[in-house]
Amino acid sequence: SSGSGDDALRDRRARILARGLPKQKPIEGVKQVVVVASGKGGVGKSTAAVNIALALAANDSTKEVGLLDADIYGPSIPKMMNLKGNPELTPKNLMRPLKNYGIACMSMGFLVEETAPVVWRGLMVMSAVEKLLRQVDWGQLDYLVIDMPPGTGDVQLSVSQNIPIAGAVIISTPQDVALLDARKGAEMFRKVHVPVLGLVQNMSVFHCPKCKHETHIFGAGGVRDLAKTLGLDILGDIPLHVNIRETCDSGQPVVISQPQSDAAKAYLKIAMEIVRRLTVPPA
């Protein structure tokens with residue numbers, strides 16, 4: 001009986017392998033998807049995703065941009081984009097994104113109470129991700145920026161394997177602990193055949209507002225060294241500045257509220273680099 005059991009197990013494995021990876025299906029109305037990811041939490045990924053989405057729209061007013069918050073357990077896009085409420089439903093029973101600053105946004109944060117924890121197992125999380133990807137009426141978008149959860153788990157794999165992604169942007173601080181995980185994130189995207197557009201070095205340098213002295217609190221140049229090791233480019237450096245944190249906390253991201261600041265200019269430059277690489281994919 002153990003022999004027949006082994007045969008059955010082998011047959012089951014063969015059937016699963018024969019199915020292959022899920023077939024990628026584009027999101028209706030969306031031309032290009034850009035994912036913003038990090039290997040670990042706390043490196044400013046969501047702040048970067050918000051400001052990059054706003055910068056893409058600011059650089060070219062003819063482009064329509066959307067922002068999808070795929071961080072099911074810790075959605076922060078509603079607060080950063082100053083949005084509250086539940087999405088309306090279309091006649092086709094699709095959710096309409098909430099909109100602010102010209103950006104269409106969707107997040108699990110619109111579907112649960114602000115203070116309610118999402119205590120779900122993997123299958124429920126996968127179901128929620130599927131709904132956010134497939135049951136939203138995005139209209140017509142040139143770019144959909146997806147703020148990925150930290151790490152290299154189920155959500156990242158599910159998104160990467162189910163929709164065509166034009167490119168991934170990896171956010172990291174220069175410290176060694178963050179770089180270890182950023183490398184894993186970049187390697188994961190390569191394994192699932194998602195082009196990595198480049199790395200962003202966040203919190204790169206602190207400028208003292210009083211004496212103007214520069215301090216590399218998280219180290220200097222670590223992301224540049226990692227990019228060189230991986231054969232990737234640096235899309236830009238974001239300074240460690242209190243305005244970046246304060247503006248996102250208040251729902252007025254720095255690209256919108258302080259467009260002439262050094263921080264906003266850094267995000268605008270990164271957005272330009274992203275578009276350039278999407279237009280002319282890396283060899």
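Residues numbered from 1 in each chain as written. Predicted model: local features only at pLDDT ≥ 70, side-chain atom pairs only at ≥ 80, totals over all residues. Heavy atoms only, no water.

A. Just the overall build of the chain, in detail. Secondary structure assignment for the chain yields 10 helices and nine strands. Within the chain, the fraction of its 283 residues that count as buried is 48%. Long-range contacts, defined here as pairs at least 24 residues apart, represent 76% of the contacts in the chain between residues at least 6 apart. Approximately 14700 Å² of the chain is accessible, and the part contributed by carbon and sulfur atoms is 53%. (Helix = DSSP H or I, 4+ residues; strand = E, 2+ residues; numbered from the N terminus. Buried < 20%, exposed > 50% of the residue type's maximum accessible area, 1.4 Å probe, protein only. Contact = heavy atoms within 4.5 Å. Areas by Shrake-Rupley, 256 points an atom, 1.4 Å probe, with all protein chains shown as cover.)

B. Expanded view of unusual backbone geometry. With phi around 65°, asparagine 93 is a residue other than glycine that occupies positive phi space. Within the secondary structure layout, asparagine 93 lies in the loop between helix H3 (77–80) and strand S3 (98–100). Its relative accessible area of 52% is what places asparagine 93 among the exposed residues. In this structure, tyrosine 101 takes a positive phi of about 55° despite not being glycine. Of the residues examined, tyrosine 101 reaches a relative accessible area of 27% and is grouped as partly exposed.

C. Here's a closer look at the pattern of salt bridges. Using the criterion set out here, one finds seven salt bridges in the structure. Across the pair lysine 45 and aspartate 147 runs a salt bridge, and its minimum N-O distance is 2.8 Å. With lysine 45 in helix H2 (residues 45–59) and aspartate 147 in strand S5 (residues 141–147), this residue pair connects regions lying 102 residues apart in the sequence. Overall, the relative accessible area of 0% leaves aspartate 147 in the buried class. Ionic pairing is found between arginine 277 and glutamate 273, a salt bridge with its closest N-O pair at 2.4 Å. Here the residue arginine 277 and the residue glutamate 273 both occupy positions in helix H10 (residues 262–279), the gap between them amounting to four residues, near one helical turn. This pair shows no difference in class: arginine 277 is buried, exactly as glutamate 273 is. What you see here is one network of salt bridges that share partners, running through Asp233, Glu273, Arg276 and Arg277. (Salt bridge = Lys/Arg side-chain N within 4 Å of Asp/Glu carboxyl O.)

D. A look at the pairing of strand S4 (residues 103–107). For S4, the buried fraction is high: five of the five residues fall into the buried class. Where strand S2 (residues 65–69) lies against S4, five bridges are found, and the strand directions are parallel. Pairing of leucine 68 across the sheet is with methionine 106, part of S4. Between S3 and the antiparallel strand that follows it, S4, lie two residues; tyrosine 101 among them carries a positive phi value of about 55°. (Pairing = 2+ DSSP bridges.)

E. Structural view of the nonpolar core. Formed by 85 residues in total, the largest nonpolar core has its most connected members in Trp138, Ile146 and Phe189. Excluding anything up to four places from it in sequence, phenylalanine 189 contacts Val35, Ala37, Met148, Ser160, Ala168, Ile170, Val194 and Val196. (Core = buried A, V, L, I, M, F, W, Y, C linked by side-chain atoms within 4.5 Å.)

F. Broad picture of the pairing of S5. Judged by how many residues are buried, S5 sits mostly within the fold: seven of seven residues are covered. Judged from the six bridges that link them, strand S1 (residues 30–37) and S5 form a sheet pairing that is parallel. Directly across from valine 33, in S5, lies its bridge partner leucine 144. In this structure, S2 lies alongside S5, joined through five bridges in parallel fashion. Considered in S5, the bridge of glycine 66 is made with leucine 144.

G. Broad picture of the environment of valine 35. Along the polypeptide, valine 35 turns up in strand S1. Judged by its relative accessible area of 0%, valine 35 falls in the buried class. Put simply, valine 35 and leucine 68 are 33 residues apart on the chain and 9.3 Å apart in space, counted from C-alpha to C-alpha.

H. Fine view of the side chain of arginine 277. For arginine 277, a relative accessible area of 10% gives the class buried. There is a polar contact of 2.9 Å between the side chain of arginine 277 and the side chain of aspartate 233. (Polar contact = N/O pair within 3.5 Å; in protein donor to acceptor, adjacent residues only side chain to side chain.)

I. Seen up close, the packing of H2 against H10. In the contact formed by H2 and H10, the axes pass within 8 Å of each other and the chain directions differ by 75°. As the angle between them shows, H2 and H10 are arranged roughly perpendicular. In this structure, H2 uses Thr47, Ala48, Asn51, Ile52, Ala55, Leu56, Ala58 and Asn59 to contact H10, whose residues at the interface are Tyr267, Leu268, Ile270, Ala271, Met272, Ile274 and Val275. When grouped by side-chain class, the residues that make up the contact of H2 with H10 number 12 nonpolar, three polar and no charged. (Axes fitted to C-alpha atoms, helices over the stretch in contact; angles between N-to-C directions. Parallel < 35°, antiparallel > 145°, perpendicular 65-115°, else oblique. Nonpolar A, V, L, I, M, F, W, Y, C, P; charged D, E, K, R; others polar.)

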